[in-house]
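Overview (structure and organization)
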Amino acid sequence: MFPKRCKTGMHLVDQQREMWIERVSSVPPILDSLLSQNLLSNEQYDEILAEKTPAAQMRMVYKFSRAWGNAEKDIFLEILRKKQPHLSFLHTSDHLSEGEVKNKIQTDYKENTVNKYEKTRDYNSLQGERVDLRDRYIRLQMINKHHEEKEKELQLKSRGEEYIEQMTKHADEATCIEVQDLFAPHKEDEREPATVVLHGPAGIGKTFTVNKIMMDWASNNLFCDRFDYVFHLNCRDLNTCTNDVSLVDLILNSAEELQPAIEEILAHPEKLLFIIDGFDELKFSLNQVNVVIAGDWNTRHSVEITLCRLLKKKILSKSKLLITTRATALENLGRVVDVERCVEILGFSEGEIKEYVSKFYKDEQQASVVFNYIAENEAVFSMCFVPVVCWIVCSVMKDHLSHDESLAKKLKTTTQIFAHFVNKLLKHHGASEDSQILHQVGLLAFRGVYKKQVLFEKQDLVELSLDPAQCTTFFSKVIFKQELDLKSMYHFLHLSIQELFAAFFCATSKDDKFVENILNESMTAERDHLIHVIRFLFGLSNVKTLKIIQDNFTEPSSVLRTQLEKWIPQALCFYKDIELLNCFYETQDEEFVKCAMKNINTINVSQCHLSKSACLAIRYCIEQSDQVDRLDAFGCQLGKEEVKILLGVLPKCQSIILSTEAQTTNTALEMCEILSAHCFSHYFNLWLEDSSGRMIFFFQISKKNRFSSLYVTGSDSFNICIKIIPKFKFNLIAFLDFRLGEESTKHLIEMVKCSMYKLEYLSFSAERLTLRTMESAISLLLGIKGRDLQLDISRALDGFTLISGNKGAPHILSCMMDNENEEKDNKNVEAENKTKGVLDRDTNPRLTLTGLNDESMKQICDTMKKEHSVLHTLSLSANGLTEACVPDICMILAMQTSLKHLELGNNHFGDTVVKQLCTAFNGRQLEALNLSANGLTEACVPDICMILAMQTSLKHLELGNNHLGDSGVKQLCTAFNGQQLEALNLSANNLTEACAPDICMILAMQTSLKHLELGNNHLGDTVVKQLCTALNGRQLESLSLADNNLTDSCVMDLCKMLNSMESLRLVNLENNSFTGESAPSFIKSRRDYHCDRMVVKLSGNQISKQQVESLEKMPWNIWKICKLL
């Protein structure tokens, strides 16, 4: 008697499965015995006999044996021993170790997986036609990047016309990822992702990639050290499951050879990878599935529960998941699983298209001809970035290009490409051209698209009098395993083909209600996917395109054009402009598009990733339009080729907003040449940036602008500017982030002098200038009647460095947004004034000079004398100037009768300078005077008092960082003659508590004071008490008492003072001697008075880090404590 179970407990029937399937030569006698023993039903008996080979029959026997226990398998073993005595009935495991048995099972599974996936079928392959997956597979560009936008998969995106820009943009970025790195650890925390999502539009190659992963793993070329087993679950197959299934059932349905070891395999989930292919195709929702139900991988539930339990890691929680889906299902997927890595398939790069064509045709010369055609035809080239479209183009052209050279010129639109593909199916594969059959196929496609159905049962075809056996050209047959039964279903070769047939049905139907329904329903959130069909409808409204499918007897509906024309105005309120322009482009009918464009005055494609094909559609529609009021392509980041496509139609647009990248110098110059001819009378905003050898080019043109501006970054951009500046009347010119040299500065000076029309802003930097060029530059800058001019000049051994800036210059992008809001809000007058006011917001000319010495200052003063410029503000702070240059400064001041702000801080003037300034100020009414950090002592206070006596309009006085002392402050008390200061700075003047009465007297007179600086003195606690009384009721906004030897003794007085001033926003108490015991008093004080804006600076005090942390954790968020340590 032979042993029925091996040492590992595996039954001999299971252990010898593969050997007996191959060696059993006569199955019917075995079936008769199994039937007589009631191990098979009559239906199972007949189904097994229906198989054509003994091996296939034995596989069916083993399929049904899954339901047998060991007793039934014992009976089966005895039947085999009697009927097939030549078989070996010894357990392989009797002479193999347990590890060898496991290896054999895994090896068998891998061999079967390779056999299953190494060959693939084209969409239109005849019976037996298969191609090697390795020969057809081309690497796809993938990026580890998740787009957060809620994408609705309209045809533009689903057909891949968006991918030119993405392929170029992401080709070298760090976000690119290869298949072998899908489960590589995250860089941030070195954790492997448990769930990876691979997404992209239809036809981009998701399933093809999955098949390649399965074959490469089984061939030990991928993940061989990472996963012991990889399982492929196809969502189309899962849709057909109507009975309860377990996870084990789902695995064994496609891998019966694993049955003997399935428990051992699933016992190590960390070595398992499940690939869920086509999540977006699931017909059932997983959002509300109850996954709390008890059970393990053997427990049978409905397929949605079993799948959801796997996805939510309720079973095999340590296994890895790879899920493929369209982008439209990402949001729903996110509700079900915790996605740890989201990878987008972009499609082919240009080189990969060429490689695909080469592999497709084999013949090098023929492949070269086809690729050149693809590369030269913008629309076809852009669509071929999607692999399925690339295959369609190659299929269409395979037999026709050599016979009809004009074919390449005729292929322009998506509809035409797919129409030629269908025509090829009809002619090459011998399908019936009966118009009634085509009509019924179209009706089936229409019903499916309307219901988002891609799989059809045989009954669906029979109801429309379609014989599946005669429609193999249009449909693919797929057989699904359903428990012990098989189920056949049918689907179109590709979703795009189904959509084309749906449109074909509508276009040729005698009943106009189909077109009317689909047009109306498409403008709802539930049916917006119908835009795919509508785009084909527009294409098929052209009789020539429609006749590509059928040459002789096809005519479009007589009212189709009328229905489409009526739909357009309504669709404008629902769809983006680019979607409708693509529909118009499909018609290739100039008269129709001309009529349609009357509904569109403005074209807004902002923030869209415009491909060359999309730009072709925009260009075509603008060409048929009399005039476009506005073309908004802001944020589209167009490349060189896309820009070239649009250049020719820009003159027809009254207002243009366009941003591009990857521009060459020649292309940018070409664009500027066109713009200079088109927009000379318009206001023109231009931004040129040279970034790593690429030109980024943004421009805005509109009659509604109130100024023209030019912003330039990158030294290479300067060559373009030489040709641009003389042709435009710029109000603003700014060179940013680079410095000009001697010759470039001379060029700039000459150009600007020739283009001085209302130039109000000029910003640039230059170095290594000669004295003469520097003087010319200063003369030019002072001659510009601009606002808020800032000029920084320094001198080195190799010449002068000049930095000119314009703080008040409006930013080009903000100005563009102002104009955009103007149109969107329909507030033309208000927005026009707003835009105009951008330039008027600071009408006070300002000259700031830094980095000078006395000699340089004298030269600049000489230049200023010649220009007679009118200044509001003159800043000479931080120049290291001495009294030697004071006469020159006084001469300038004598000329500047309108001067309001004078800043002389951080120099080395000394006391004698103040006396000279007294004469220069005669007749001037300053609003701000800065004499800080000039080494002033109490000796010059009388002169300061004389100045103050004359300056009755003074609002800001800065005397900090000098040596005035207590006696100096005492003298100042009598100097104020009616001035109402808003800011007073007496910091760092060696003041002590002796001057407290004098400070209080000054404060008593200055009732409008908002900013008081008394830091870096030696006032002490007693002065604070006096200040509290003097400041009671004042509306200070900032107060500095930093570094004044203050202690906890004055905290209560400070709190009282702070509480009396609701306007106070900043209190600087840094570098004193407060402790952690005093800080809560500030908090309590501010909490009681509900002030949530004041910032109290306490750094540099005796407060520990722990006390700071405890304060920051207090439940009220009343104030902000700056970092103390």
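Right, let's walk through the structure included here. Treat the numbers as computed from the prediction; the structure is a model and nothing was measured.

1. Looking at the side chain of aspartate 1021
- Along the chain, aspartate 1021 falls in helix H46 (residues 1020-1030).
- Buried and unpaired, aspartate 1021 has lysine 1025 as its nearest opposite-charge partner, separated by 7.5 Å.
- Here threonine 1047 takes part through its side chain, which lies 2.5 Å from a polar atom of the side chain of aspartate 1021.
- Once residues within four sequence positions are removed from consideration, aspartate 1021 is found in contact with Asn1045, Leu1046, Thr1047, Ser1049 and Cys1050.

2. Describing the packing of helix H30 (residues 577-587) against helix H32 (residues 612-623)
- Closest axis-to-axis distance for the H30/H32 pair is 9 Å, and the angle between their directions is 75°. Classed by the angle they form, the pair H30 and H32 counts as roughly perpendicular. Taken together, the residues of H32 that come into contact with H30 (itself represented by Ile578, Leu581, Asn582, Phe584 and Tyr585) are Ala614, Leu616, Ala617, Ile618, Tyr620 and Cys621.
- Across the contact of H30 with H32, the residue classes tally to ten nonpolar, one polar and no charged.

3. Quick look at the pairing of strand S6 (residues 272-277)
- Within S6, six of the six residues are buried, which leaves the element mostly enclosed by the surrounding structure.
- Residues Leu272, Phe274 and Ile276 point to one face of S6 and Leu273, Ile275 and Asp277 to the other, with burial holding for every one of them.
- Sheet topology note: the strand S5 (residues 229-234)/S6 ladder contains six bridges and is parallel. By the bridge assignment for S6, histidine 232 is matched with isoleucine 275.

4. Things to note about the pattern of salt bridges
- Under the criterion given, the structure shown has 22 salt bridges.
- Among the ionic pairs, glutamate 352 bridges to arginine 139, the shortest N-O distance being 2.7 Å. Of this pair, glutamate 352 sits in helix H17 (residues 350-361) while arginine 139 sits in the loop between helix H8 (133-136) and strand S3 (141-143), placing them 213 residues apart in sequence.
- With relative accessibility at 8%, the residue glutamate 352 sits in the buried group.
- With a closest N to O distance of 2.4 Å, glutamate 281 and arginine 236 form a salt bridge. Taken together, the positions of glutamate 281 in the loop between S6 and helix H15 (303-311) and arginine 236 in helix H12 (residues 235-239) put the pair 45 residues apart, joining distant regions of the chain.

5. Side note on the packing of helix H42 (residues 911-920) against helix H43 (residues 941-950)
- Between H42 and H43, the shortest axis-to-axis distance is 9 Å and the interhelical angle comes to 25°. Taken as axis vectors, H42 and H43 run roughly parallel relative to one another. The element H42 and its partner H43 pack so that their crossing is left-handed. Between H42 and H43, the contacting residues are Val914, Lys915, Leu917 and Cys918 on the first element and Asp943, Ile944, Met946, Ile947 and Met950 on the second.
- Its residues assigned to classes, the contact of H42 with H43 shows seven nonpolar, no polar and two charged.

6. Focus: the sheet that holds S6
- Taken together, the six strands give an open sheet; going across it, the order is S3-S8-S4-S7-S6-S5, and neighbouring strands pair in mixed fashion. Both outer strands of the open sheet, S3 and S5, are each paired with one neighbouring strand and no more. Mean inter-strand twist for the sheet, computed between neighbouring axes without regard to direction, equals 20°.
- As paired elements, S3 and strand S8 (residues 341-347) share three bridges and run antiparallel to each other. Across the sheet, glutamine 141 pairs through a bridge with glycine 347, a residue of S8.
- Lying on the sheet, helix H11 (residues 206-218) is in contact with strand S4 (195-199), S5, S6, strand S7 (320-325) and S8; it crosses S5 at an angle near 155°.

7. Observations regarding unusual backbone geometry
- The phi torsion at glutamine 588 lies on the positive side, around 50°, for a residue other than glycine.
- Here glutamine 588 is to be found in the loop between H30 and helix H31 (590-596).
- The phi dihedral of asparagine 1016 is positive, around 60°, even though this residue is not glycine.
- Structurally, the position occupied by asparagine 1016 is in the loop between strand S28 (1011-1013) and H46.
- By relative accessible area, which is 44% here, asparagine 1016 ends up partly exposed.

The rules we used
- Residues numbered from 1 in each chain as written.
- Predicted model: local features only at pLDDT ≥ 70, side-chain atom pairs only at ≥ 80, totals over all residues.
- Heavy atoms only, no water.
- Helix = DSSP H or I, 4+ residues; strand = E, 2+ residues; numbered from the N terminus.
- Buried < 20%, exposed > 50% of the residue type's maximum accessible area, 1.4 Å probe, protein only.
- Lys, Arg positive; Asp, Glu negative; His and termini not counted.
- Salt bridge = Lys/Arg side-chain N within 4 Å of Asp/Glu carboxyl O.
- Polar contact = N/O pair within 3.5 Å; in protein donor to acceptor, adjacent residues only side chain to side chain.
- Contact = heavy atoms within 4.5 Å.
- Axes fitted to C-alpha atoms, helices over the stretch in contact; angles between N-to-C directions.
- Parallel < 35°, antiparallel > 145°, perpendicular 65-115°, else oblique.
- Nonpolar A, V, L, I, M, F, W, Y, C, P; charged D, E, K, R; others polar.
- Pairing = 2+ DSSP bridges.
- Left-handed = near helix turned anticlockwise from the far one by under 90°.

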